[in-house]
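Listed below are the residues making up each chain.
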Amino acid sequence: MRKLMLLTAMLAVAMLAASPALAQDEPAVVADAKAKTAKAGGAKAEADCTDEVIEAKAGGVVAKAPCKPAPPPPPKAAPAPAPPPKPAPAPAPPPKPAPAPPPKAAPPPPPAPAPKEEKKKALPPTGGSSTASLFALGAGALLVGGGLLARRFTR
């Protein structure tokens, strides 16, 4: 009897611990190299450059980047013949020192304009702690406590 109660309590605690992992849906992850797209859950990205824009979407956020097709490689040309050697130049006379220009004060830089402050959107709530998790924790504590109490009575 004691072993059965202990086994039942262990099974209940294991089910409580595994329930969040069992309740989650597996997101569908699809990547297609021919269509140049990728999807994961609600996120989607396309790398096809037909409309000269690469686009990625995740939730309410859309990211776009311009793309240009690669330029064709330049045609290979035959190498040009080497030019004939030039005669050595005559030695130049020594340069005369130039007079130093008078120092000028640099004008102060113009003041930078104040950056515009954009109104930031609020982030969605993260969920935090819910009452369901607290109830599950309490139920697990009651199961363990009840099993320990029943074990004490049966001795």
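As a starting point, this report considers the structure included with it. (Residues numbered from 1 in each chain as written. Predicted model: local features only at pLDDT ≥ 70, side-chain atom pairs only at ≥ 80, totals over all residues. Heavy atoms only, no water.)

**Overview of the overall build of the chain**
When helices and strands are counted, the chain shows 2 helices and 5 strands. Tracing the chain from N to C terminus, the helices and strands come up as α-β-β-β-β-β-α. Evaluated residue by residue, the chain yields a buried proportion of 3% over its 155 residues. Of the roughly 15,100 Å² of accessible surface on the chain, a fraction of 68% belongs to carbon and sulfur atoms. (Helix = DSSP H or I, 4+ residues; strand = E, 2+ residues; numbered from the N terminus. Buried < 20%, exposed > 50% of the residue type's maximum accessible area, 1.4 Å probe, protein only. Areas by Shrake-Rupley, 256 points an atom, 1.4 Å probe, with all protein chains shown as cover.)

**Regarding a positive patch on the surface**
Where like charges cluster on the molecular surface, the positive patch consists of Arg 2, Arg 151, Arg 152 and Arg 155. One can find Arg 152 in helix 2 (residues 131-154). (Patch = residues over 30% accessible without salt bridge, like charges linked within 9 Å, V, L, I, M, F, W, Y side chains within 5 Å. Salt bridge = Lys/Arg side-chain N within 4 Å of Asp/Glu carboxyl O. Lys, Arg positive; Asp, Glu negative; His and termini not counted. Charge placed at Lys NZ, Arg CZ, Asp CG, Glu CD.)

**Things to note about the layout of surface pockets**
Roughly 240 Å³ of internal volume is contained in the largest pocket. The wall of the largest pocket is formed by Arg 2, Lys 3, Met 5, Leu 6, Ala 9, Met 10, Val 13, Leu 143, Val 144, Gly 147, Leu 148 and Arg 151. Those elements that place two or more of their residues in the lining of the largest pocket are helix 1 (2-23) and helix 2. Per-element tally for the lining of the largest pocket: the top contributor is helix 1, with 7 residues. (1 Å grid on protein atoms, 1.4 Å probe; cavity = no way out; pocket = protein on both sides within 12 Å on 5 of 7 lines; lining within 4 Å. Points joined across faces, edges and corners; volume = space filled by probe spheres on them.)

**Digging into the pairing of strand 1 (residues 29-32)**
Two elements, strand 1 and strand 2 (residues 37-40), share 4 bridges in a ladder whose sense is antiparallel. Each bridged residue has a counterpart across the sheet, and for Ala 31 the counterpart in strand 2 is Ala 38. Joining the antiparallel neighbours strand 1 and strand 2 is a turn of 4 residues, in which Lys 36 adopts a positive phi near 55 degrees. (Pairing = 2+ DSSP bridges.)

**Digging into the pattern of salt bridges**
Scanning the entire structure with this criterion turns up 2 salt bridges. With a shortest N-O distance of 3.4 Å, Lys 57 and Glu 55 are connected by a salt bridge. The partly exposed category is assigned to Lys 57, whose relative accessible area is 41%. A residue is classified by how much of its surface remains accessible, and Glu 55, at 21% relative accessible area, is partly exposed. The shortest N-O distance in the salt bridge between Lys 64 and Glu 55 comes to 3.9 Å. Connected through shared salt-bridge partners, Glu 55, Lys 57 and Lys 64 make up one network.

**Section: the sheet that holds strand 4 (residues 53-58)**
Here we have 5 strands laid out as an open sheet, ordered 1-2-3-4-5, and antiparallel in their pairing. In this open sheet, the two strands that pair with only one neighbour each are strand 1 and strand 5 (61-66). This sheet shows a mean twist of 10 degrees between the axes of neighbouring strands, independent of strand direction. (Axes fitted to C-alpha atoms, helices over the stretch in contact; angles between N-to-C directions.)

**Some details on the pairing of strand 4**
Successive residues of a regular strand alternate their side chains across the two faces of the sheet. Across 3 bridges, strand 3 (residues 43-46) lies against strand 4 in antiparallel orientation. Each bridged residue has a counterpart across the sheet, and for Lys 44 the counterpart in strand 4 is Lys 57. Where strand 3 folds back on strand 4, the antiparallel hairpin that results is connected by 6 residues, among which Glu 52 adopts a positive phi of roughly 60 degrees. Count of turn residues in the strand 4/strand 5 antiparallel hairpin: 2 residues, of which Gly 59 carries a positive phi of about 65 degrees.

Spatial relationships are all this shows, so hold off on functional conclusions.
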